[in-house]
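# Survey of secondary and tertiary structure
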Amino acid sequence: MINKKYLKLIRSKGWSEKNNFIYNLISTRIIDSIDLLNISSTEILEIGINENKTIKYLQNRFNNSNLTRADICNTNFTKATKMNYLNIDLSELKLKNNYYDLVYSNFFLHLSNNLEVNLRNIFDGLKSNGFFIAVIPAVDNVYQLVNTMYETDLKLYNGAHRRTNPSIGINEVFTILKNLNFDAPSINSDNITIDYSNFRKLLIDIKSMNLSYCYNDKKKFFEKKNYFKILEQFYRKNYYDKSFLLDIKLSIISAWKK
């Protein structure tokens, strides 16, 4: 089960535009998908505040719309004109029925004990002809870093700790969408390969995503400098080819409500 207290703590740290490189890359997938739609939106909901690029695009395209940003902790966000901010419980997501024309989420919905319940609530919250789009990490997201951390764990601890929050496979998500009567559900896999000349910058970008493992069995101590020294050695051995390679693997989910 997710440790809600810890998840809220790491979400409360907020994020910096300076180190928000990965979320901004992901946001282009959402923007490109919405840009193809012939829709007019008056009520828009963002679930999980991880970047500003998408909301700025929506402000420009739907300048008379009501924009609502929702997260489990909004303490670091400045309330802006024409925007509302909501605190939500992602395990018990409750939205106004038949209220939103567009609901979107960038790398957030997988942080739940029950994605099906949240998708049902999103369906109920959409108006007729409303559109839903979300990006969640694929099950093998950042596999280079995850595998290298397991290798480092085995060397130092003779066992491996859980390092990433579990995501959900595309077949299972598709089945849920169909069972909930979403119209024209679509799930596309995508991959963003990033080349890092500096291993420290790779770690900074990952850390800035605030996606630390947040389940109740999370280890109780933080890693020391020696851990990251060995981690870099293994990473260089396994995934270095003139640069440190990192694959951001995505599942892009979209559907309509009739």
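Scroll up a little and you will see the structure.
First, a word on what this report is: a plain description of the structure on this page. Note that the structure is predicted; figures quoted are calculated from it, not measured.

## Quick look at helix α6 (residues 170–179)
Considered for burial, the residues of α6 that qualify are Val 173, Ile 176 and Leu 177. Axial view of α6: buried residues confined to an arc of 100 degrees, hence all on one face. Away from the buried face of α6 by more than 90 degrees, exposed residues Asn 171 and Asn 179 are located. If you follow the buried residues of α6, they end up packed against α4 (115–125), β5 (126–137), β6 (183–196) and β7 (244–256). Directly after α6, the chain includes Asn 181, whose backbone phi takes a positive value near 70 degrees.

## A short note on the packing of helix α7 (residues 199–207) against helix α8 (residues 225–239)
Relative to each other, α7 and α8 sit at 110 degrees, their axes nearing to 11 Å. The orientation of α7 relative to α8 falls into the category roughly perpendicular. Where α7 approaches α8, its residues Phe 199, Leu 202 and Leu 203 are matched on the opposing element by Phe 228, Leu 231, Glu 232 and Tyr 235. Here the residues of the contact of α7 with α8 are counted per class, giving six nonpolar, no polar and one charged.

## Structural notes on the state of the cysteines
In this structure the tally under the stated criterion is zero disulfides. No disulfide involves Cys 73; its sulfur sits 14 Å from the nearest other cysteine sulfur, which is in Cys 214. Of the residues examined, Cys 214 reaches a relative accessible area of 0% and is grouped as buried.

## Side note on the pattern of salt bridges
Overall, the coordinates contain eleven salt bridges when judged by the stated rule. A salt bridge links Lys 127 to Asp 101; the nearest nitrogen and oxygen atoms lie 3.3 Å apart. Here the residue Lys 127 occupies a position in strand β5, and Asp 101 occupies one in strand β4 (residues 100–106), the gap between them amounting to 26 residues. Looking at Lys 127, the relative accessible area reads 26%, which means it is partly exposed. In this structure, Glu 223 and Arg 163 form a salt bridge, with 2.9 Å as the shortest nitrogen-oxygen distance. One end of the pair, Glu 223, is in the loop between α7 and α8; the other, Arg 163, is in the loop between α5 (143–157) and α6, and 60 residues separate them in sequence. Since its relative accessible area comes to 12%, Arg 163 is described here as buried. Each of Asp 153, Arg 163 and Glu 223 takes part in one network of salt bridges that share partners.

## Section: the nonpolar core
Residues Ile 26, Leu 58, Phe 107, Tyr 235, Leu 246 and Ile 248 are the most contacted members of the largest nonpolar core, which totals 43 residues. When sequence neighbours within four positions are dropped, the list of residues in contact with Leu 58 reads Ile 34, Ile 44, Asn 63, Leu 102 and Tyr 104.

## Some remarks on the sheet that holds strand β3 (residues 83–87)
The sheet built from seven strands is open, its strands ordered β3-β2-β1-β4-β5-β7-β6 with mixed pairing. What marks the edges here is a single partner per strand, and that holds for β3 and β6. The sheet shows a mean angle of 15 degrees between the axes of neighbouring strands, direction not considered. As paired elements, β6 and β7 share twelve bridges and run antiparallel to each other. Directly across from Asn 191, in β7, lies its bridge partner Lys 249. Here α6 sits on the sheet in contact with β5, β6 and β7, set at roughly 150 degrees to β6.

About the criteria used
Throughout, a residue's number is its position along its own chain's written sequence, starting from 1. With pLDDT at 70 or above as the cut-off, local features in this predicted model cover only qualifying residues; side-chain atom pairs require 80 or more to be listed or tallied, and sums for whole chains, interfaces and linings still use all residues. Just so you know, side-chain values use all the structure's heavy atoms and leave hydrogens and water out. Three exposure classes are used, based on accessible area relative to the maximum for each residue type with a 1.4 Å probe and protein chains only: buried under 20%, partly exposed in between, and exposed over 50%. Counting from the N terminus, the helices are the DSSP runs of H or I reaching at least four residues and the strands are the DSSP runs of E reaching at least two. Along the arc lie the directions from the helix axis toward the C-beta atoms. Whether two residues are in contact is decided by their heavy atoms, any of which lying within 4.5 Å being enough. An axis is simply a line fitted to the C-alpha atoms; with a helix, the fit covers only the stretch in contact. Between two such axes, the angle follows the N-to-C directions and lies from 0 to 180 degrees. Should an angle lie under 35 degrees it is considered roughly parallel, over 145 roughly antiparallel, and from 65 to 115 roughly perpendicular; all remaining angles are considered oblique. The classification used treats Ala, Val, Leu, Ile, Met, Phe, Trp, Tyr, Cys and Pro as nonpolar, Asp, Glu, Lys and Arg as charged, and all other residues, Gly among them, as polar. In this description, the term disulfide denotes a pair of cysteine sulfurs within 2.5 Å. The term salt bridge refers to a side-chain nitrogen of Lys or Arg lying within 4 Å of a carboxyl oxygen of Asp or Glu. Remark: nonpolar core denotes a set of buried residues (Ala, Val, Leu, Ile, Met, Phe, Trp, Tyr, Cys) joined through side-chain atoms within 4.5 Å. At least two DSSP bridges between two strands are needed for those strands to be called paired.

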